[in-house]
Each structure stands twice: as structure tokens, then as C-alpha cells.
Amino acid sequence: MTEQCLTEPQTESQPDYRLLKNRFRGYYPVVIDVETAGLNCQTDGLLELAAITLKMDENGDLAPDQTYHCHIRPFEGAGINPESMKINGIDLESPIRNAIAVSESDAITGLFQMVRRGQKNAECQRSIIVAHNAAFDHGFVMAAAERTKIKRNPFHPFGSFDTATLSGLMFGQTVLVKACQAANISFDGKQAHSALYDTERTAELFCYMVNHLKALGGFPHLAQNVEKFDRTF
């Protein structure tokens, strides 16, 4: 049913959902994960940031696209919570880390530049953060953008797609590793709390859920699909 709907001639009432701009009401989804020096986005340091943009293939399946990743020097006066540092395992004194770490301003500028390019190429109207427990990552990105006064923030100021919530709905699991296991996505616990690794797994998980919903006939949500489903009960 879904494949037939996607290949039929498109009408004004039936957008071409093989185009990313039509799948999420004009939003351009960007998967993000951050590692931080605490839980307060206003006072604690942003230490690592990773982002993966998404694209649609010719069949209308969602897939990872471009990747952005950087280690970040905490802003001057940033709080550093020892308990948070134990969890993320980041060594702020590491010579290797210090050699590659960038300022918060450079990190956010690079992120916004990549996202704006992808958003424009996909003909989307605005970008939206996809993350696991998204309020946390969204808060730190927005706080960093405000601190650094970076203009032209592409992201919705408060909206996000939370894969923890979506995983709870689809799998009955809200922990990232458990949700990945339910989706048959490999997860190496030793690499957890690396912003890049967690972003890669979250992107794979989000794409799986979106594509699986389509494969089951749950999207596009058309009246004839609902009527057919109702007749089975």
C-alpha cells in the first residue's frame, strides 16, 4: 500500500513523501548529541558536539547524510561537575584533546553552516533537532548559540524530535541501548557517551523507526489505510 501511494502521480492533496521537505512538514531533521560538564546548560561547559544530517533516497527511505563532530573548550567560567566528568570520561587536561578542541563559537558556527547548507539543498523551511532525551541536547545547543551570539540559528527555538519518546512508543524502551537492541542495531557500551558514537546510533535508530513505520503502511496516514486496518478487528 505504501509503495503504491509513493509511486502514484502526486496531487495537491498528496505530497511526494520521497522528498525530505514533505516528510516532516518542511522541517530538516538533524541528529545531535552533546557531552557536557554538567546538567545546567546555562552554567556548565559544552565539551563535545556531534551532528548528522539526514536525507531521503529514491524510495523515500530516510538515511544518514553528512557528519559534523568537534571537541570544545569550555567557555570561560564554565562549571565543571566532577560526577559528569566521570560519566563522560573526558580528560580536559589531555594534550591530544587540547590540540584539536575548538572554541564554543567556532563549534556552533561550523554546525550552523553545515545545517543551513543541507536545509537549503533539501528545500526545507527550518531545521529541527533530533536527539535522545532531546530537551537536554537542545538546551545546550541553544544556550551556546545565545552565549556566542551566533546569528541565523537554523533550529526551531523549542521544538524537537525525541527518540526516547518515539522508542517508548514503538518498542516500549526509552534507554538508547535498549531501543537499539529492540531495533536490532548493534551498540557497543564501551563507546557510549562519545558524542559521535551516540549520534551515529541515534541517527540509525531514528531512520529505522521512520522507515519501519512506512514499511508497515503507517505512513502516509491515509483514510483508506485506516479503513483497511479497522476491518481486520
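Up top is the structure.
Described below are features of the structure shown in this document. (Residues numbered from 1 in each chain as written. Predicted model: local features only at pLDDT ≥ 70, side-chain atom pairs only at ≥ 80, totals over all residues. Heavy atoms only, no water.)

### What to know about the sheet that holds strand E4 (residues 126-131)
Move 1: With mixed pairing, the 5 strands of this open sheet are ordered in space as E3-E2-E1-E4-E5. Looking at which strands have only one partner, the edges of the open sheet turn out to be strand E3 (62-71) and strand E5 (155-162). When strand polarity is set aside, the average angle formed by the axes of neighbouring strands in this sheet is 30°.
Move 2: Here helix H5 (residues 104-121) sits on the sheet in contact with strand E1 (27-36), strand E2 (46-56), E3, E4 and E5, set at roughly 165° to E3.
Move 3: In this fold helix H6 (residues 134-148) packs onto E1, E2, E4 and E5, with an angle of close to 160° to the strand it touches most, E5. (Pairing = 2+ DSSP bridges. Helix = DSSP H or I, 4+ residues; strand = E, 2+ residues; numbered from the N terminus. Axes fitted to C-alpha atoms, helices over the stretch in contact; angles between N-to-C directions. Contact = heavy atoms within 4.5 Å.)

### Remarks on the packing of H5 against H6
Move 1: Contact pair H5 / H6: the axes reach a minimum separation of 9 Å and the direction vectors enclose 115°. On the basis of their axis angle, the class for H5 and H6 is roughly perpendicular. Handedness of the H5/H6 crossing: left-handed. Packed against H5, whose contacting residues are Glu104, Ser105, Ile108, Leu111 and Phe112, the element H6 presents Val141, Ala144, Ala145, Arg147 and Thr148 at the interface.
Move 2: Within the contact of H5 with H6, the residues separate by chemical class into 6 nonpolar, 2 polar and 2 charged. (Parallel < 35°, antiparallel > 145°, perpendicular 65-115°, else oblique. Left-handed = near helix turned anticlockwise from the far one by under 90°. Nonpolar A, V, L, I, M, F, W, Y, C, P; charged D, E, K, R; others polar.)

### Re unusual backbone geometry
Move 1: Look at the link from Phe219 to Pro220: it is a cis peptide, with omega at 0°.
Move 2: Note that Pro220 resides in the loop between helix H9 (195-215) and helix H10 (223-230).
Move 3: The residue Asn133 is not glycine, and still its phi comes out positive at about 60°.
Move 4: Structurally, Asn133 can be placed in the loop between E4 and H6.
Move 5: The partly exposed category is assigned to Asn133, whose relative accessible area is 46%.
Move 6: Positive phi is not limited to glycine here, since Asn184 has a value of about 60°.
Move 7: Its location among the elements puts Asn184 in the loop between helix H8 (176-182) and H9. (Buried < 20%, exposed > 50% of the residue type's maximum accessible area, 1.4 Å probe, protein only.)

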